[in-house]
Amino acid sequence: MPLLDAANLATKILLYGVSLAAIGAALHGALGLHTNRRAYTWLAALVAASALMRLLILNAQMGGSLGAALSLDQFGWTWTGGGRPALALFAGAVLLFAASMAKGRILLMFAAISISAGFGLTGHTAGLEAPGLAPWVVAVHVLIAGFWLAAPVTLWPAPALTDRDVLARAESFSRVARFIVPLLFVSGVYLFWRINGDLTSALNSGYGRLLAAKFLAALLILGLGALNMTRVTHQLATDAVSGRANLRATLRVDAVLFVLILGIIAAATTISGPVE
């Protein structure tokens, strides 16, 4: 069982990471922030592979051991619980792969929405007695999180980019982020309340404390984003050398915090759970 638990945690981190990266890449491409068709192809393959691995791990859990991953005896039950989310992820991967060979941006948007929908179809919100809007809010939450998570890659001031290109990307990202990132926090608070109930009870559980830690890490990223939108963007326009250096520094911290958040989410949904 320890090996199965480790595989469960590892595949969740992989699925969350590649799915959010794929959502972010697709949204940034759809909005014209960048275009990297090779990245779309790789991310599509990784999303499909990680979705398949998650199905196998779920099947192993149904069978009680890692060796039961390929067993067909309980796969019907596995598909009942994980089939719809997997199909949404596979569909998103196919759309993203198709977008890698097409010039239009609409496929990128549909790919991001499909992958996000996969997370709305599973998890603690889907298991609520009366989920209501919660699964839809999860999908929106994941969609915005993916857009935000891709920032360190899209905004990285690579030497091949001119100062004007770096500034243009930063300004374009900021224009979108200032409207949608607040929705990320509002949706997160709503989901925290729907799953956990009152704050005091939630913080008495490991699950609630992990989500509180995630919220604090997200606040730090938000603070860095505000710094980029105000001071760093201004520096890129007036002192490109300092602006690039400060942008690289904040994006490195962003990347570390994003990895920390992925680990917290995977831990919260694997080794803990909301108070009943």
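To be clear, the structure that these remarks concern was listed above.
Worth saying up front: this structure is predicted, and the values here are computed from it rather than measured.

Undergrad: Looking at this model, I keep getting lost on the overall build of the protein chain. Mind explaining?
TA: The number of helices and strands found in the protein chain is 10 helices and 0 strands. Secondary structure elements in the protein chain, listed N-terminal to C-terminal, are α-α-α-α-α-α-α-α-α-α. Its C-alpha radius of gyration of 19 Å places the protein chain within 12% of the 19 Å reference for a compact globule of 276 residues. On the principal axes, the C-alpha backbone points of the protein chain span a range of 65 × 50 × 35 Å.

Undergrad: Mind showing me how you'd approach helix H9 (residues 206-238) here?
TA: A turn of α-helix holds 3.6 residues, and therefore any two residues three or four places apart point the same way. Under the 1.5 Å per step criterion, the end-to-end length of H9 is 47 Å for 33 residues, consistent within 8% with the ideal 48 Å. Regarding H9, the residues found buried are Tyr207, Gly208, Leu211, Ala217, Ala218, Ile221, Leu224, Asn228, Val232, Thr233, Gln235 and Leu236.

Undergrad: Would you take a moment to explain the packing of aromatic side chains for this structure?
TA: Summed over all chains, the structure comprises 7 aromatic pairs. With centroids separated by 5.9 Å and ring planes inclined at 55 degrees, the aromatic side chains of tyrosine 16 and phenylalanine 119 adopt a geometry described as tilted. Taken together, the residues tyrosine 16 in helix H1 (residues 2-30) and phenylalanine 119 in helix H4 (residues 106-120) connect sequence positions 103 residues apart. The class for phenylalanine 119 is buried, based on a relative accessible area of 13%. For the ring pair phenylalanine 75 and tryptophan 79, a centre distance of 6.2 Å and an interplane angle of 35 degrees mean the geometry is tilted. Placement of both phenylalanine 75 and tryptophan 79 in helix H3 (residues 75-99) is noted, with a separation of 4 residues, approximately one turn of the helix. Through a chain of ring-to-ring contacts, three or more aromatic side chains come together here, namely Trp148, Phe185, Phe215 and Phe258.

Undergrad: Is there a simple way to think about helix H7 (residues 163-196) in this case?
TA: Across its 34 residues, H7 extends 46 Å between first and last C-alpha, which sits within 8% of the 50 Å expected from 1.5 Å per residue. The largest bend along H7 reaches roughly 45 degrees and is located at alanine 177.

Undergrad: Looking at this structure, how should I read the side chain of threonine 233?
TA: With respect to the helices, strands and loops of the structure, threonine 233 is situated in helix H9. With relative accessibility at 12%, the residue threonine 233 sits in the buried group. Residues contacting threonine 233, with those up to four places away along its chain left out, are Leu167, Ala170, Glu171 and Asn228.

Definitions and limits used
- Residues numbered from 1 in each chain as written.
- Predicted model: local features only at pLDDT ≥ 70, side-chain atom pairs only at ≥ 80, totals over all residues.
- Heavy atoms only, no water.
- Helix = DSSP H or I, 4+ residues; strand = E, 2+ residues; numbered from the N terminus.
- Rg over C-alpha atoms; globule rule 2.2 N^0.38 Å.
- Expected span 1.5 Å × (residues − 1).
- Buried < 20%, exposed > 50% of the residue type's maximum accessible area, 1.4 Å probe, protein only.
- Phe/Tyr/Trp six-rings, centres within 6.5 Å; stacked < 30°, edge-to-face > 60°.
- Bend = angle between axes of the 7 residues up to and from the residue.
- Contact = heavy atoms within 4.5 Å.

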